[in-house]
Amino acid sequence: MSEYNQLLEFAKGLARQAGNIQLSYFRDKNLSISTKQNDFDIVTAADKASEQIISGGIRTAYPTHSILSEESGLSQTNDSEYQWVIDPLDGTTNFSAGLPLFNVSIGLKHKGETVVGVVFAPYLNEMFTAIKGRGAFLNGKPIHASDETLLSHSVIATGFPYDKAVNKDNNLDNLEAVLPKVRGLRRLGSAALDISYVAAGFLDGFWELALHEWDVCAATLIAGEAGAIVESLRPDRIISIVVAPEGIFGQLRSLLAPTPQNH
Ligand code: IPD
Ligand code: CA
Ligand code: CA
């Protein structure tokens, strides 16, 4: 087995362990919800327990590797060429509301390039995986972005930033432009799953402003390997991206404001 293959299998094992923790809390245990930047940005006991099992597993198996994880930030080692990028629970608002769209997202960078990606939705038992240059898979079967070419036949997803109440640059301008042009517009509430669903052809496109590296690291590798185009929408709003198959990308991209409007 190649080195990246071993690392992928290792990451899948960690994702399943974290997923089991999440399922043990879901719609059941007390989540001990606390807020972060504001009332809309929350963390639960399940986020923390998931992060602990993933980071602990990496530290034991690969003590020289660096880790960037949403709840604990960056823990850098001196000499490692490897950095894990982890969202222990992506879709916490869904999770805490009892909605089943949430996932564990684990990416691995080697010398700055993402080489392994795992997005695992435990309630749905959907395991999206990719290794750089070797295609993308859902539960072991190859996946491909959709071959849709008509925007009017497309189903597109987006999301809204946590500072939506205080910053008018909250994606409503883009929503207004895209809504009348597409068959369906969705807000699923889990960026890594949105992007993985573009990879699998279940969605025909996705864009969102102000995401973070842990939201997109694993999923954008998966989408790229499935043939989708992944591009930065604008450089001034943390990570703002558009992900879509070739036949839709240009049409969607042209509707999205490259810079903020109307404020
Ligand atoms: C969030 C989800 C959501 C997106 C937010 C993300 P979290 O991640 O992916 O869909 O709209 O921007 O921060 O906070 O649940 O890990
Ligand atoms: Ca996230
Ligand atoms: Ca998270």
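Each remark here, short or long, concerns the structure printed above.
Computed from a prediction, not measured in an experiment: that's the story for all the values here.

## Description of the coordination of the calcium ion (ligand 2)
Now for step 1: The protein atoms that coordinate the calcium ion (ligand 2) are Asp87 (OD), Asp90 (OD) and Asp215 (OD), at distances of 2.1 to 2.3 Å.
Now for step 2: Sequence positions of the donors to the calcium ion (ligand 2) reduce to the motif D-x2-D-x124-D.
Now for step 3: The calcium ion (ligand 3) is placed at 3.8 Å from the calcium ion (ligand 2), the two being bridged by Asp87. Taken as a pair, Asp87 in strand S5 (residues 82–90) and Asp215 in helix H6 (residues 213–225) lie far apart in primary sequence, 128 residues in all.
Now for step 4: By relative accessible area, Asp215 is classed as buried at 8%.

## Details of the packing of helix H5 (residues 191–199) against H6
Now for step 1: Direction vectors running N to C along H5 and H6 enclose 5°, while the axes themselves pass 8 Å from each other. Judged by the inter-axis angle, H5 sits roughly parallel to H6. Along the contact surface, H5 presents Ala191, Ala192, Ile195, Ser196 and Ala199, while H6 presents Asp215, Val216, Ala219, Thr220, Ile222 and Ala223.
Now for step 2: Counted by class, the contact of H5 with H6 contains eight nonpolar, two polar and one charged residues.

## Focus: the coordination of the calcium ion (ligand 3)
Now for step 1: Protein ligation of the calcium ion (ligand 3) involves Glu70 (OE), Asp87 (OD) and Leu89 (O), the donor distances falling in the range 2.2 to 2.4 Å.
Now for step 2: Each donor residue of the calcium ion (ligand 3) belongs to the same chain, and together they define the spacing E-x16-D-x1-L.
Now for step 3: Of the residues examined, Glu70 reaches a relative accessible area of 23% and is grouped as partly exposed.

## So, the sheet that holds strand S10 (residues 141–142)
Now for step 1: Here eight strands make up an open sheet; going across it, the order is S4-S3-S5-S6-S7-S8-S9-S10 and the pairing mixed. Strands at the two margins of the open sheet, each flanked by one partner only, are strand S4 (73–75) and S10.
Now for step 2: Where helix H1 (residues 3–25) meets the sheet, its contacts fall on S5, strand S6 (103–110), strand S7 (113–121) and strand S8 (126–131), and the angle it forms with S7 comes to roughly 30°.
Now for step 3: Along the sheet, helix H2 (residues 45–61) makes contact with strand S3 (66–69), S4, S5 and S6, crossing S5 at roughly 160°.

## Some details on the pattern of salt bridges
Now for step 1: Using the criterion set out here, one finds nine salt bridges in the structure.
Now for step 2: Notably, a salt bridge pairs Glu70 with Lys36, separated by 3.1 Å at the nearest N-O pair. Placement of Glu70 in the loop between S3 and S4 and of Lys36 in the loop between strand S1 (34–35) and strand S2 (42–43) is noted, with a sequence separation of 34 residues between them.

## Quick word on the packing of aromatic side chains
Now for step 1: Applying the stated criterion across every chain yields a total of nine aromatic pairs.
Now for step 2: Here Phe26 and Phe102 contribute two aromatic rings whose centre-to-centre distance is 4.9 Å and whose plane-to-plane angle is 50°, an arrangement assigned as tilted. Highlighted residues: Phe26 in the loop between H1 and S1 and Phe102 in the loop between helix H3 (92–97) and S6, separated in sequence by 76 residues.
Now for step 3: On the accessibility criterion, Phe102 (0% relative accessible area) is buried.
Now for step 4: Through pairs of rings, three or more aromatic residues link up here, namely Phe26, Phe95, Phe102 and Tyr123.

## A word on a nonpolar patch on the surface
Now for step 1: Nonpolar side chains collect at one region of the surface, where Leu23, Tyr123 and Leu124 lie side by side and expose about 240 Å² of accessible area between them.
Now for step 2: Considering the arrangement of structural elements, one finds Tyr123 in the loop between S7 and S8.
Now for step 3: The exposure class of Tyr123 is partly exposed, given its relative accessible area of 42%.

## Details of the sheet that holds strand S14 (residues 229–234)
Now for step 1: With mixed pairing, five strands are arranged side by side in an open sheet as S12-S11-S13-S15-S14. Strands at the two margins of the open sheet, each flanked by one partner only, are strand S12 (184–186) and S14. Pairs of neighbouring strands in the sheet enclose a mean axial angle of 20°, with direction left out of account.
Now for step 2: Sheet topology note: the strand S13 (residues 205–211)/strand S15 (residues 239–244) ladder contains four bridges and is antiparallel.

## Examining H6
Now for step 1: Along its 13 residues, H6 runs 18 Å from first to last C-alpha, staying within 8% of the 18 Å computed at 1.5 Å per residue.
Now for step 2: Of all the bends in H6, the greatest measures close to 30° and is centred on Ala219.
Now for step 3: For H6, a buried count of 11 out of 13 residues is recorded, marking the element as mostly surrounded by other parts of the structure.
Now for step 4: All of the buried residues along H6 are Trp214, Asp215, Val216, Cys217, Ala218, Ala219, Thr220, Leu221, Ile222, Ala223 and Glu225.

## As for the nonpolar core
Now for step 1: Val119, Phe128, Ile143, Ile195, Phe206, Ile222 and Val243 are the most contacted members of the largest nonpolar core, which has 30 residues in total.
Now for step 2: Those elements that place two or more of their residues in this core are S7, S8, strand S9 (136–138), H5, S13, H6 and S15.
Now for step 3: Per-element accounting of this core gives the leading share, seven residues, to H5.
Now for step 4: By size, the runner-up hydrophobic cluster in this structure holds 22 residues, among which are Ile54, Ile58, Ile67 and Ile86.

Criteria and cut-off values
- Residues numbered from 1 in each chain as written.
- Chains lettered and ligands numbered in written order.
- Predicted model: local features only at pLDDT ≥ 70, side-chain atom pairs only at ≥ 80, totals over all residues.
- Heavy atoms only, no water.
- Donors = N, O, S within 2.8 Å, 3.2 Å for Na, K, Ca; no water.
- Helix = DSSP H or I, 4+ residues; strand = E, 2+ residues; numbered from the N terminus.
- Buried < 20%, exposed > 50% of the residue type's maximum accessible area, 1.4 Å probe, protein only.
- Axes fitted to C-alpha atoms, helices over the stretch in contact; angles between N-to-C directions.
- Parallel < 35°, antiparallel > 145°, perpendicular 65-115°, else oblique.
- Contact = heavy atoms within 4.5 Å.
- Nonpolar A, V, L, I, M, F, W, Y, C, P; charged D, E, K, R; others polar.
- Pairing = 2+ DSSP bridges.
- Salt bridge = Lys/Arg side-chain N within 4 Å of Asp/Glu carboxyl O.
- Phe/Tyr/Trp six-rings, centres within 6.5 Å; stacked < 30°, edge-to-face > 60°.
- Patch = residues over 30% accessible without salt bridge, like charges linked within 9 Å, V, L, I, M, F, W, Y side chains within 5 Å.
- Areas by Shrake-Rupley, 256 points an atom, 1.4 Å probe, with all protein chains shown as cover.
- Expected span 1.5 Å × (residues − 1).
- Bend = angle between axes of the 7 residues up to and from the residue.
- Core = buried A, V, L, I, M, F, W, Y, C linked by side-chain atoms within 4.5 Å.

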